[in-house]
Amino acid sequence: MDMTVNNVRNKKRTIEIVMTKLDGLYKIILIFPLLGVLSACSTNQATGRNQFTGLMPASQEAAIGAQEHTKIMAQFGGEVEDKALRDYVTRIGNKIVPFTERQDVNYTFTLLDSPIVNAFALPGGYVYLTRGILTLANNEAEMAAVIAHEIGHITARHSAERYSTSILTSIGASIASVAINIDGASQALGLGSELYLKSYSRSQEHEADDLGIRYLARAGYNPEAMANFLQSLDEYIKLDAAERGRTGNRVPNYLSTHPVTSERIARSRNAAAQYTEGANITNRIDYLKAINGMIVGDSPAQGFVYDNHFVHPELGFKFSLPANYTTENSPETFIAKSKSRTGGAIILSSGKKQASESIDDFLRLRILKGDMSNARDFGTNTVNGIKTASVERSGSVNNMKANIRTVAFEWSPTTVFILTLAMPEMINQAEVKAMQQSAFSFKRMSTADKRKYRPKRISFRVAQTGDTVAQMAQQFPYDDNLNERRFRVIKGMEPYEQLRARQAYKIITQ
């Protein structure tokens with residue numbers, strides 16, 4: 001009897017916990033009785049489909065989007081500095097908006113200062129494109145296709161649908177767990193920008209493609225631009241894998257959230273074939289003029305790779321990189337890692353210290369957290385006029401035992417840059433020496449350095465009679481054997497397609 005009473009009490013407590021967590025999610029669940037929520041389906045005016053979106057009312061979408069907007073801006077490094085380019089993206093977005101079904105949305109179009117090939121949307125009309133998308137797009141119609149696709153997610157209310165379904169799934173799992181008394185039941189989902197950066201279902205992607213093509217055609221753009229851009233994306237992922245010395249282990253952001261398949265490309269071509277009258281705008285030359293001079297890859301605000309160095313003109317430092325290393329950059333960290341599985345990695349990060357705090361105390365207390373049990377070779381030094389403290393510890397990299405060396409550079413009384421060298425036990429000694437040389441090369445940039453080191457930029461050249469792809473690709477500032485392939489990808493050219501005289505082509509210069 002007592003056990004039964006306790007079980008009932010435990011079940012009641014679990015239900016209260018679930019409801020409290022749900023209460024923190026915009027208090028939506030308290031607004032609608034559960035049975036009412038379950039029946040809160042409506043017909044979407046854009047898709048004609050009956051869908052459940054009751055837990056994210058349309059009236060709340062703008063507030064949700066505005067709340068997440070600041071997080072997105074921080075995560076992706078803010079907007080590009082070029083106002084004319086930002087205005088161009090907004091102008092094309094606003095050209096599409098009048099042809100959509102939802103008139104209750106005020107759209108905001110943001111061009112993010114990120115080289116990652118990515119585009120996404122938040123509820124409330126927040127649409128984001130990156131510089132990476134503009135590098136890959138070959139004309140205004142293709143850029144418009146990406147914008148129209150993201151608008152399609154908004155008009156179809158895919159985020160509201162996914163969120164509402166997820167919450168109901170969580171409620172069902174929690175209640176079921178109470179009934180059978182299983183600990184560790186699924187909890188109600190938190191709401192954040194990650195919800196909107198995760199993959200949509202295949203049917204939702206198809207809906208957004210179909211809607212995007214509809215909006216493209218209504219706005220006068222060539223609706224085949226959607227399939228053409230998807231084809232370029234498919235080629236881009238193969239190039240990205242080749243650049244990193246892998247065969248598909250890493251999927252660029254846009255392709256991970258918007259999977260590209262031959263079926264999807266074919267569907268887009270078939271959908272475009274329905275719109276044959278008056279929809280043929282591409283505006284290729286206008287597009288090339290708009291992106292001419294746009295930064296490709298990382299920007300000076302983020303630091304970038306130049307001549308086998310990582311340079312950061314805005315913060316004013318540089319250091320060399322080992323040969324045959326690939327790089328990944330974000331607002332928080334820069335990572336350079338060997339293409340070899342048994343090779344090493346160099347991670348750059350930053351930290352803050354008290355002005356009165358010594359660099360060795362910073363390393364001991366902030367990095368090691370006062371635990372010196374695994375520390376060896378702890379000491380201070382001066383590297384290129386900068387005070388440093390360093391320590392080596394045992395750790396692991398890719399499930400392999402490794403030596404981890406951390407070097408803290410006192411950049412200013414309150415700013416510290418930290419280089420972490422991860423060296424697996426199986427690494428060859430030549431690479432270890434190259435990594436150590438990288439750490440010892442960390443220095444302040446001179447005025448001449450800042451003039452010398454320039455980021456990569458988009459330009460365009462008009463092909464002359466007799467010009468070849470190989471000649472165009474020679475101008476690309478990459479030291480691998482992929483420049484011809486790179487040229488074809490950013491131009492959207494077939495593998496054996498040749499240049500056309502008097503036609504303008506995108507190239508990358510530095």
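Residues numbered from 1 in each chain as written. Predicted model: local features only at pLDDT ≥ 70, side-chain atom pairs only at ≥ 80, totals over all residues. Heavy atoms only, no water.

Participant: Can you help me understand the overall build of the chain in this one?
Facilitator: For the chain, the helix and strand inventory stands at 19 helices and 19 strands. Across the 510 residues in the chain, those meeting the buried criterion constitute 49%. Counting only contacts in the chain whose residues sit at least 6 apart along the sequence, the fraction spanning at least 24 positions is 66%. When the accessible surface of the chain is totalled, it reaches about 24,000 Å², and 50% of it is carbon and sulfur. (Helix = DSSP H or I, 4+ residues; strand = E, 2+ residues; numbered from the N terminus. Buried < 20%, exposed > 50% of the residue type's maximum accessible area, 1.4 Å probe, protein only. Contact = heavy atoms within 4.5 Å. Areas by Shrake-Rupley, 256 points an atom, 1.4 Å probe, with all protein chains shown as cover.)

Participant: Sorry, what's going on with the pairing of strand β15 (residues 400-410) here?
Facilitator: Along any regular strand, the residues point their side chains to alternate faces of the sheet. Counting buried positions along β15 yields nine of eleven residues, so the element is predominantly enclosed. Connecting strand β14 (residues 386-397) to the antiparallel partner β15 that follows it, the hairpin turn spans two residues, and Asn398 within it adopts a positive phi of roughly 50 degrees. As judged from the nine bridges shared by β15 and strand β16 (residues 415-424), these two strands associate in the antiparallel manner. Each residue of the ladder has a partner; that of Ala402, found in β16, is Pro424. Adjacent in sequence and paired antiparallel, β15 and β16 are bridged by four residues. (Pairing = 2+ DSSP bridges.)

Participant: Just to check I follow, could you spell out the packing of aromatic side chains for this structure?
Facilitator: The description of an aromatic ring pair uses the distance of the two centres, along with the angle that the planes make with each other. Taken as a whole and assessed by the stated rule, the structure comprises 19 aromatic pairs. Measuring from centroid to centroid gives 6.3 Å for Phe310 and Phe317, while their planes differ by 45 degrees, and the two rings are tilted. The pair formed by Phe310 and Phe317 is uniform in burial state, with each residue classed as buried. An aromatic cluster is defined as three or more aromatic residues linked by ring pairs; in this entry it consists of Phe310, Phe317, Phe319, Phe334, Phe409, Trp411, Phe417 and Phe442. Over the ring of Tyr505 we find Arg284; its NZ or CZ atom is 5.8 Å from the centre of that ring. (Phe/Tyr/Trp six-rings, centres within 6.5 Å; stacked < 30°, edge-to-face > 60°. Lys NZ or Arg CZ within 6 Å of the ring centre and 35° of its normal.)

Participant: Whenever I open this one, the confidence of the model for the chain confuses me. Can you help?
Facilitator: Of all residues in the chain, 81% have pLDDT values of 70 or greater, and the mean over the chain is 84. Contacts for the low-pLDDT stretch residues 1-39, under 50 throughout, to residues beyond four places or in other chains number 42 contacts. (pLDDT = per-residue confidence, 0-100.)

Participant: I keep staring at the sheet that holds β14 and nothing clicks. Help me out?
Facilitator: Whether parallel or antiparallel, the strands of a sheet pair through hydrogen bonds between backbone atoms. Read from one edge to the other, the open sheet built from seven strands follows the order β10-β11-β12-β16-β15-β14-β13, with strand pairing classed as antiparallel. Looking at the sheet topology across the chains shown, the edges are occupied by β10 (325-329) and β13 (376-383). Strand after strand, the sheet turns through a mean of 20 degrees between neighbouring axes, direction not considered. Two strands pair when backbone bridges link them, and strand β11 (residues 334-338) and strand β12 (residues 345-352) are joined in this way by four bridges, in the antiparallel orientation. Bridge pairing in β12 places Phe334 opposite Leu348. Of the strands in this sheet, β12, β13, β14, β15 and β16 are in contact with helix α15 (residues 359-367), which crosses β14 at around 25 degrees. (Axes fitted to C-alpha atoms, helices over the stretch in contact; angles between N-to-C directions.)

Participant: Would you mind showing me how to read the sheet that holds strand β5 (residues 126-130) here?
Facilitator: One open sheet accounts for three strands, arranged β3-β5-β4; its pairing is mixed. Of all the strands in the sheet, just β3 (108-112) and β4 (119-122) have a single pairing partner and so form its edges. Along the sheet, successive strands turn relative to each other by an average axial angle of 20 degrees, direction set aside. Pairing of β3 with β5 involves five bridges; the strand directions are parallel. When the bridges of β5 are listed, Leu111 appears paired with Leu129. Of the strands in this sheet, β3, β4 and β5 are in contact with helix α4 (residues 58-75), which crosses β5 at around 25 degrees.

Participant: Whenever I open this one, the side chain of Arg405 confuses me. Can you help?
Facilitator: Counting through the fold element by element, Arg405 comes out in strand β15. Overall, Arg405 belongs to the buried group, its relative accessible area being 16%. Here the side chain of Arg405 touches Asp377 through a polar contact of 2.9 Å, side chain to side chain. Side-chain polar atoms of Arg405 contact the side chain of Ser390, separated by 3.3 Å. Sequence-distant contacts of Arg405, defined by excluding residues within four places in its chain, comprise Asp377, Ser390, Val391, Glu392, Leu419, Thr420, Leu421 and Met423. (Polar contact = N/O pair within 3.5 Å; in protein donor to acceptor, adjacent residues only side chain to side chain.)

Participant: What is the right way to read the pairing of strand β8 (residues 309-312) from this model?
Facilitator: With three bridges connecting them, strand β7 (residues 304-306) and β8 associate as antiparallel partners. By the bridge assignment for β8, Val305 is matched with Phe310. Connecting β8 to the next strand, strand β9 (residues 317-320), in antiparallel fashion are four residues, including Gly316 with a positive phi near 90 degrees.

Participant: Which parts of the structure should I look at to understand the nonpolar core?
Facilitator: In globular proteins that are soluble, nonpolar side chains generally tend to be buried together. Core analysis: the biggest nonpolar cluster contains 68 residues, and Leu129, Leu134, Met143, Ile147, Ile151 and Phe487 have the highest contact counts within it. In this view, Ile151 contacts Gly93, Ile96, Val97, Thr100, Tyr107, Phe109, Val127 and Tyr215; residues no more than four positions away in its chain are not counted. With 23 residues, the next largest nonpolar core counts Phe319, Tyr325, Phe334 and Leu419 among its residues. (Core = buried A, V, L, I, M, F, W, Y, C linked by side-chain atoms within 4.5 Å.)

Participant: What am I meant to see in the pattern of salt bridges here?
Facilitator: Two side chains of opposite charge can pair, provided their charged atoms sit close to one another. Throughout the structure, instances matching the rule amount to 25 salt bridges. Across the salt bridge formed by Glu61 and Arg102, the nearest N and O atoms sit 3.0 Å from each other. Within this pair, whereas Glu61 is found in helix α4, its partner Arg102 is found in the loop between α5 (83-96) and β3, the two being separated by 41 residues in sequence. Look at Arg102 and you get buried, because its relative accessible area is 4%. Residues Asp104 and Arg102 are paired through a salt bridge, measuring 3.0 Å at the closest nitrogen-oxygen approach. Among the charged side chains, a network of salt bridges with common partners joins Glu61, Arg102, Asp104 and Arg157. (Salt bridge = Lys/Arg side-chain N within 4 Å of Asp/Glu carboxyl O.)

Participant: Sorry if this is basic, but what is going on with unusual backbone geometry here?
Facilitator: Trans peptide bonds make up most of the peptide bonds, and negative phi angles are found at most residues other than glycine. Of note in this structure, Asp307 is not a glycine but carries a positive phi near 50 degrees. Among the structural elements, Asp307 can be located in the loop between β7 and β8. Judged by relative accessible area, Asp307 falls into the exposed class, the value being 53%. In this model, Asn384 sits at a positive phi of 50 degrees, which is unusual for a non-glycine residue. Looking at where Asn384 falls in the secondary structure, it is placed in the loop between β13 and β14. Residue classification places Asn384 among the partly exposed positions, given a relative accessible area of 43%.

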